[in-house]
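# Summary of the model geometry
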Amino acid sequence: MGWSLFTFRMLWIPVAEPALAFMSAIGLALSYRLLYTTHYDTLTGLLNRNALRHALQQLLTHRSRFRRRETIGVIFLDLDHFKVINESLGRLAGDQLLLRVAERLRAELPRSARFARVSGDEFAIALQCSEPETLTTLAEALQQALSESFSLDGQSVTVSSSIGIAMTQMGHQHSSDNLFRDAQTAMYRAKVSGNGHYQVFSTGMLTEAIDRFTLENELRQGIAAQEFVLYYQPIVALDSEKIVGFEALIRWQHPQHGFIAPYRFIPLAEETGLIIPLGEWICQEACCQLNQWQHQFPELPLMLSINLSGRQFEQSDLSRRLAQIIRAEGIDGQRLKFEITESMLMGDVDNAIDSMLKLKSLGCKLGLDDFGTGYSSLSQLRRFPVDTIKVDQSFVQKMGKSDEDHEIVRMIISLGHILGMDLIAEGVEIKEDVDALRSLDCEYGQGYFWSKPLPAAQATELLQQPYLRPESQSTQIDI
Ligand code: C2E
Ligand code: MG
Ligand code: MG
């Protein structure tokens, strides 16, 4: 027994100890890796969301270091349209960009700042400073640092960012979670005011975020209670000033708040997926209206444009559902035009073209809405089976004031014509723009100059007069 134990020990020591040492090294490496991934972002090596919250909590609880009148703040930064960059240049390039963004941001930060990548294209910074202005100055410096273009695989890429700032001072109770949430809320608010802005959190924003929750519930109930209505805005041939069709635009008749414009609920409907049932209702209602017009005005070859949202466009059975509606309403599919935007065509271009061809197989036309505001490239544009380009109103409305915008409109119109498409100028408000568009050979116009969007009955009245007279606008409902 003694001998065998001795033999065992003799054998064990040389074989087992290095093995144990090896295993504990692996164990150490694994636990280090575990520790690393629970605290750090694997792509950039920055802190992750949890670690930043922890660091923020420490800043808030170590009151001894939190001297009188010192401010603790969170800067929450989100890259604008990163999804589009990621989808058009690929994930690898997207990752490269995030690394380079992280580098540039880090270079602007004071050494004491805790810097984290909190999710995909979102970064956050927690820091202690002597006055609140330090945070806004830093936010400006961060946005400035990103304003210079990045070179990725020989391509020049420009990014902008939206920033939210939240802060707390000595004597104010604040949890790290609340401060973090407030900074994020302020960032969303900055995004609404346009790309490349920053916003400092105010309590009003929080009530707004709570309102958003209420709005979602009300949207759900509103769809069930059919509180929505379609308005119709005429589209006019610029040469004859006759109505050639309408665009259907949704409004919400809220029982307490009255009319609610689409910009207030369409984004939320998209986010929550409620746009699918709502979109289906829009198509049904618009097709039903077109049916009535086809019967009432058989001599008018009216087109009806319907806006499609990205979520609807992604649905694999969209064309089948639309075919059912067209059949049920007994309308001519050729009288329908679906408006999509450039951003819906980014990403998987072949897939997008496939979806477009399915819609075209129903006889329907396709329009590219808000053209000029997205990122579609010339090579992609020529592959899209689009019939109409709608020049975005931001260019149309400035064309009289700036040569540059006039030139942009001219180029978009020429481009559309080269590609065999017709053009609608959106947001036409003044006579000078009508004349300029005519001289640029733009076929159609849409805007307050002729008419605001109208309820169906008033739109029908417009069809009874041969020409649209801008002065008849005084009788319109202002919406
Ligand atoms: P859009 O499709 O580009 O529609 C044109 C918007 O410009 C409409 O705003 C219209 O009222 C407005 N507009 C037209 N002419 C003028 C003008 O001369 N001056 C100015 N300042 N504005 C003009 P609206 O109805 O508030 O709709 C905003 C956006 O909401 C639409 O932009 C579209 O993206 C979305 N939307 C509206 N209805 C629907 C819908 O039924 N489905 C979906 N998915 N989106 C919709
Ligand atoms: Mg539209
Ligand atoms: Mg538009």
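A brief structural summary.

Moving on: the coordination of the magnesium ion (ligand 3). In this structure, Asp-369 (OD), Asp-370 (OD), Glu-426 (OE) and Glu-426 (OE) serve as the protein donors to the magnesium ion (ligand 3), at separations of 2.0 to 2.6 Å. Between the two metal centres, the magnesium ion (ligand 3) and the magnesium ion (ligand 2), the spacing is 4.1 Å, with Asp-369 acting as a shared donor. Of the two residues, Asp-370 is situated in strand 13 (residues 365-371) and Glu-426 in the loop between strand 15 (422-425) and helix 16 (431-439); the sequence distance between them amounts to 56 residues. Look at Asp-370 and you get partly exposed, because its relative accessible area is 28%.

Binding of the magnesium ion (ligand 2) to the protein goes through Glu-247 (OE), Asn-307 (OD1), Glu-339 (OE) and Asp-369 (OD), at separations of 2.0 to 2.2 Å. Spacing between the donor residues of the magnesium ion (ligand 2) along the chain follows E-x59-N-x31-E-x29-D.

One non-glycine residue with positive phi stands out, namely Asp-153, at about 50°. In this model, Asp-370 sits at a positive phi of 50°, which is unusual for a non-glycine residue.

With that settled, the discussion passes to the site of ligand 1. In the vicinity of ligand 1, 23 residues are found, and the nearest of them are Arg-251, Asn-307, Asp-369, Glu-429 and Tyr-448. Gln-393 places a side-chain nitrogen or oxygen 2.9 Å from an oxygen atom of ligand 1. One of the side-chain nitrogen or oxygen atoms of Glu-429 is found 2.5 Å away from a nitrogen atom of ligand 1. For ligand 1, whose unbound accessible area comes to 790 Å², protein coverage reaches 82%. Per-element tally for the shell around ligand 1: the top contributor is strand 9 (residues 243-254), with four residues. Considering only residue class, the shell around ligand 1 consists of nine nonpolar, seven polar and seven charged.

A separate point is the pattern of salt bridges. Under the defined criterion, the tally for this structure stands at 20 salt bridges. For the salt bridge of Glu-247 with Lys-390, the shortest nitrogen-to-oxygen distance reads 2.8 Å. Residue Glu-247 is found in strand 9, and its partner Lys-390 is found in strand 14 (residues 388-391); the two are separated by 143 residues along the sequence. Overall, the relative accessible area of 4% leaves Glu-247 in the buried class. Its salt-bridge partner being Arg-320, residue Asp-317 comes within 3.2 Å of it at the nearest N-O pair. Several salt bridges share partner residues, and in doing so they unite Glu-241, Lys-431, Asp-435 and Arg-438 into one network.

This brings us to the sheet that holds strand 2 (residues 114-119). If you walk across this open sheet you meet the five strands as 2-3-1-6-7, and the pairing is mixed. Each edge of the open sheet is held by one strand with a lone partner, namely strand 2 and strand 7 (198-200). The average angle at which neighbouring strand axes cross in this sheet is 20°, direction not considered. Bridge analysis of strand 2 against strand 3 (residues 122-129) gives five bridges, and the strand direction is antiparallel. From the neighbouring strand, Ser-119 faces strand 3, where its bridge partner is Glu-122. Helix 2 (residues 49-61) rests against strand 1 (71-79), strand 2, strand 3 and strand 6 (161-169) of the sheet, and its axis sits at about 15° to strand 3.

Each value, and the rule that gives it
- Residues numbered from 1 in each chain as written.
- Chains lettered and ligands numbered in written order.
- Predicted model: local features only at pLDDT ≥ 70, side-chain atom pairs only at ≥ 80, totals over all residues.
- Heavy atoms only, no water.
- Donors = N, O, S within 2.8 Å, 3.2 Å for Na, K, Ca; no water.
- Helix = DSSP H or I, 4+ residues; strand = E, 2+ residues; numbered from the N terminus.
- Buried < 20%, exposed > 50% of the residue type's maximum accessible area, 1.4 Å probe, protein only.
- Near = heavy atom within 4 Å.
- Polar contact = N/O pair within 3.5 Å; in protein donor to acceptor, adjacent residues only side chain to side chain.
- Areas by Shrake-Rupley, 256 points an atom, 1.4 Å probe, with all protein chains shown as cover.
- Nonpolar A, V, L, I, M, F, W, Y, C, P; charged D, E, K, R; others polar.
- Salt bridge = Lys/Arg side-chain N within 4 Å of Asp/Glu carboxyl O.
- Pairing = 2+ DSSP bridges.
- Axes fitted to C-alpha atoms, helices over the stretch in contact; angles between N-to-C directions.
- Contact = heavy atoms within 4.5 Å.

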